[in-house]
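Notes for the structure review
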Amino acid sequence: MHVLILGGTGEARRLAGLLHGAEVAGLRVTSSLAGRVAAPRMPDGEVRVGGFGGAEGLAQWLRTHEVDALIDATHPFARTISFNAAAAAAAAHVPLLALRRPGWVPGEGDRWHPADSLDEAAALLPALGRRVFLTTGRMGLAAFAHLDQLWFLMRSVDAPEPPCPVRMEVLLDRGPFTLEGEREVLRRAAIDVLVTKDSGGAATSPKLTAAREAQIPVVVVRRPPVPDGVAVAATPEEAAAWVRQFSG
Ligand code: NAP
């Protein structure tokens, strides 16, 4: 049995590790990475890197490599690949599961401002603060480039490319992050507003606690929907159980 995991997340790596270590007879696991990160953390098992060439390319890959089950374990905000996965799985008649960690939920004392897009997040910012901790990743910075009255601390794994905000400092770092570390970032840069995607998970959630403690408003970009009709698992363990049902 051949399982293809569309990866690029910690959950995808954990799932590859679970399936690899499960010693299910005849189980072959391939992880696919987009190739965005220069030095990605590598999952167990086989790995391929780079786009497939749209939904049709992915469907062709599923057929050529005799894939029996597809798991979309990409980031909740990786919208295109998730819709391509749904179309390709239907075309190639391969069962598909989406692995999506649950989103974050505001707690008491949180000052969250929901936004439906990066553009909407940018539009909210001038009324909320002047010194922005921007944690939405290096892609899509163009949405904030016109905000030349604001100062940004932009954190990402690899360096961003223009267009970017003019008044911006870059902090190259990769999670998981600690509460102590996040408090220090907010304090040292005198941050007065945080921008985040609703990525969910524990690896990057300490910034939310640090913002709550400092009573800093948080602009939270909502997730795109999972494609219609696609089954969803919340954890790598649930996804591994889904795979086992096919391996008899
Ligand atoms: P996207 O907009 O949904 O996808 C753009 C294109 O990148 C896809 O059409 C596909 O190219 C290729 N692609 C994406 N994920 C792939 C994968 N796992 N394997 C092979 N090709 C892939 O994706 P994105 O938001 O740029 O994210 C790219 C990767 O970074 C994903 O693997 C995701 O899990 C990870 N990531 C994303 C975010 C985020 O905030 N978006 C955060 C952390 C990690 P083709 O059409 O040519 O197949």
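Note that the structure is a prediction, hence the values are computed from the model and not measured.

The rules we used
- Residues numbered from 1 in each chain as written.
- Predicted model: local features only at pLDDT ≥ 70, side-chain atom pairs only at ≥ 80, totals over all residues.
- Heavy atoms only, no water.
- Domains from an automatic or database assignment.
- Contact = heavy atoms within 4.5 Å.
- Buried area = accessible area lost by both parts, 1.4 Å probe.
- Salt bridge = Lys/Arg side-chain N within 4 Å of Asp/Glu carboxyl O.
- Polar contact = N/O pair within 3.5 Å; in protein donor to acceptor, adjacent residues only side chain to side chain.
- Nonpolar A, V, L, I, M, F, W, Y, C, P; charged D, E, K, R; others polar.
- Helix = DSSP H or I, 4+ residues; strand = E, 2+ residues; numbered from the N terminus.
- Buried < 20%, exposed > 50% of the residue type's maximum accessible area, 1.4 Å probe, protein only.
- Near = heavy atom within 4 Å.
- Areas by Shrake-Rupley, 256 points an atom, 1.4 Å probe, with all protein chains shown as cover.

Considerations on the domain arrangement of the protein
The domain architecture assigned to the protein consists of domain 1 (2-102 + 224-247) and domain 2 (112-221). Placing a centre on the C-alpha atoms of domain 1 and another on those of domain 2 gives a separation of 29 Å. Of the residues lining the interface, eleven residues belong to domain 1; the matching set on domain 2 comes to 13 residues. Of all residues in domain 1, Arg36, Arg41 and Phe77 give up the largest surface area on contact with domain 2, accounting jointly for 53% of the area buried on that side. Across the domain 1-domain 2 interface, the total number found is zero salt bridges. Remark: the boundary between domain 1 and domain 2 carries seven residue pairs in polar contact (both at pLDDT 80 or more). Here the residues of the side of domain 1 that touches domain 2 are counted per class, giving seven nonpolar, one polar and three charged.

A word on the pattern of salt bridges
Overall, the coordinates contain eleven salt bridges when judged by the stated rule. A salt bridge links Arg212 to Asp110; the nearest nitrogen and oxygen atoms lie 2.9 Å apart. One end of the pair, Arg212, is in helix H6 (residues 206-213); the other, Asp110, is in the loop between strand S5 (96-99) and strand S6 (112-115), with 102 residues separating them in the sequence. On the basis of relative accessible area, Arg212 is assigned to the partly exposed category, the value being 32%. Residue Arg183 pairs with Glu213 through a salt bridge whose shortest N-O separation is 2.7 Å. On the criterion of sequence distance, the pair formed by Arg183 in helix H5 (residues 179-188) and Glu213 in helix H6 is long-range, its members being 30 residues apart. Overall, the relative accessible area of 43% leaves Glu213 in the partly exposed class.

Some remarks on the site of the ligand
Close to the ligand lie 22 residues, the nearest being Gly7, Ser32, Phe52, His75 and Lys197. At 2.9 Å from an oxygen atom of the ligand is found a main-chain nitrogen or oxygen belonging to His75. Relative to its free-state accessible area of 810 Å², the ligand is covered by the protein chains to the extent of 76%. Where the shell around the ligand is concerned, the elements lending two or more residues are strand S2 (28-33) and helix H3 (79-92). Residue contributions to the shell around the ligand peak at four residues, all from H3. Each residue belonging to the shell around the ligand can be placed in one class, and the counts come to six nonpolar, twelve polar and four charged.

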